[in-house]
Amino acid sequence: MERNGPVKPSGVRREKDAREALACLLRDGSTIAVGGFGLCGVPADLIEVVRDSGVRDLVIVSNNMGVDGKALGLLLENRQVRKVIASYVGENRLFARQYLDGELEVEFTPQGSLAERLRAGGAGIPAFYTRTGVGTQVAEGKPTADFDGRTYVLERGIVADLALVHAHTADAFGNLTYRYTARNFNPVVATAGRVTVAEVEHLSDQPIHPDLVVTPGVFVDRLVVAREREKDIEQRTVRERPQHQEVSV
């Protein structure tokens, strides 16, 4: 029986490390959707394996491309990316240089539209109409239609060859939960891959309660426990502590 969305094999495989999790999945020219937002909720172990594999001409779908030397910025440094479909790229100088030099093709997509394109791809919806971007460069070359006196632009759903996500907790069935803002793009990316690989911080011996599951295990093909590492902070904003006066008693 045919399905409109990504085709998933049955069952989830627990792998011993990120390299094993991506074995036989990486190919030149693949479209890879990657969860995360800057450096938050990024599948860092899996990204490093992609870099080390040396695959080329990749199309990367992600909210942004990390920063110089970190997260998806590693793939830019290694000249492995041909095209980026993204919403925001302002934190990566190398990205800007490659784009302006004509080395990198970029498809800018409004953030909400990008999230919906991924969700639609995972749900088997080939395209949808939205008001976002009408009358701007975002809509150039795309079909439009009028509904109730307003113009809408047609956006295509995204189905990736491979989806890479980072979750806080998984169970043996592949059900995933996320921690706070690290949830960001990960749930919609997880649904949009023909094959989805999840790196997780914790693997629970007990099934996750159904009310707490964010990504059902049916969307996940391979699981790997992420190695411990310091979590990078993209922009650290702090204020000085107030000076407390000593109180004599």
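Just above sits the structure.
Residues numbered from 1 in each chain as written. Predicted model: local features only at pLDDT ≥ 70, side-chain atom pairs only at ≥ 80, totals over all residues. Heavy atoms only, no water.

**Section: the pairing of strand S9 (residues 160–170)**
Point 1. With nine of eleven residues buried, S9 lies mostly within the body of the structure.
Point 2. Looking at chain direction, strand S2 (residues 31–34) and S9 are connected through three bridges and run parallel. Residue pairing in the sheet places Ala33 in a bridge with Ala163 of S9.
Point 3. The pairing of S9 with strand S11 (residues 193–203) spans nine bridges and is parallel. Within S11, the position partnered with Leu164 by the bridge is Val197.
Point 4. Where S9 and strand S10 (residues 176–177) come together, two bridges link them in antiparallel fashion. Each bridged residue has a counterpart across the sheet, and for Thr169 the counterpart in S10 is Thr177.
Point 5. In sequence, S9 turns back onto S10 through a hairpin of five residues, with Gly174 there showing a positive phi of about 90°. (Buried < 20%, exposed > 50% of the residue type's maximum accessible area, 1.4 Å probe, protein only. Helix = DSSP H or I, 4+ residues; strand = E, 2+ residues; numbered from the N terminus. Pairing = 2+ DSSP bridges.)

**Overview of the packing of aromatic side chains**
Point 1. Within this structure, the stated rule accounts for three aromatic pairs.
Point 2. Taken together, a centroid distance of 5.2 Å and an interplanar angle of 65° make the contact between Tyr129 and Phe147 edge-to-face. You can see Tyr129 sitting in strand S6 (residues 127–130) and its partner Phe147 sitting in strand S7 (residues 144–147), a full 18 residues away along the chain.
Point 3. Its relative accessible area of 38% is what places Phe147 among the partly exposed residues.
Point 4. Judged by centre distance (5.6 Å) and plane angle (75°), the rings of Phe147 and Tyr152 are edge-to-face.
Point 5. Following the ring pairs from residue to residue traces out a cluster consisting of Tyr129, Phe147 and Tyr152. (Phe/Tyr/Trp six-rings, centres within 6.5 Å; stacked < 30°, edge-to-face > 60°.)

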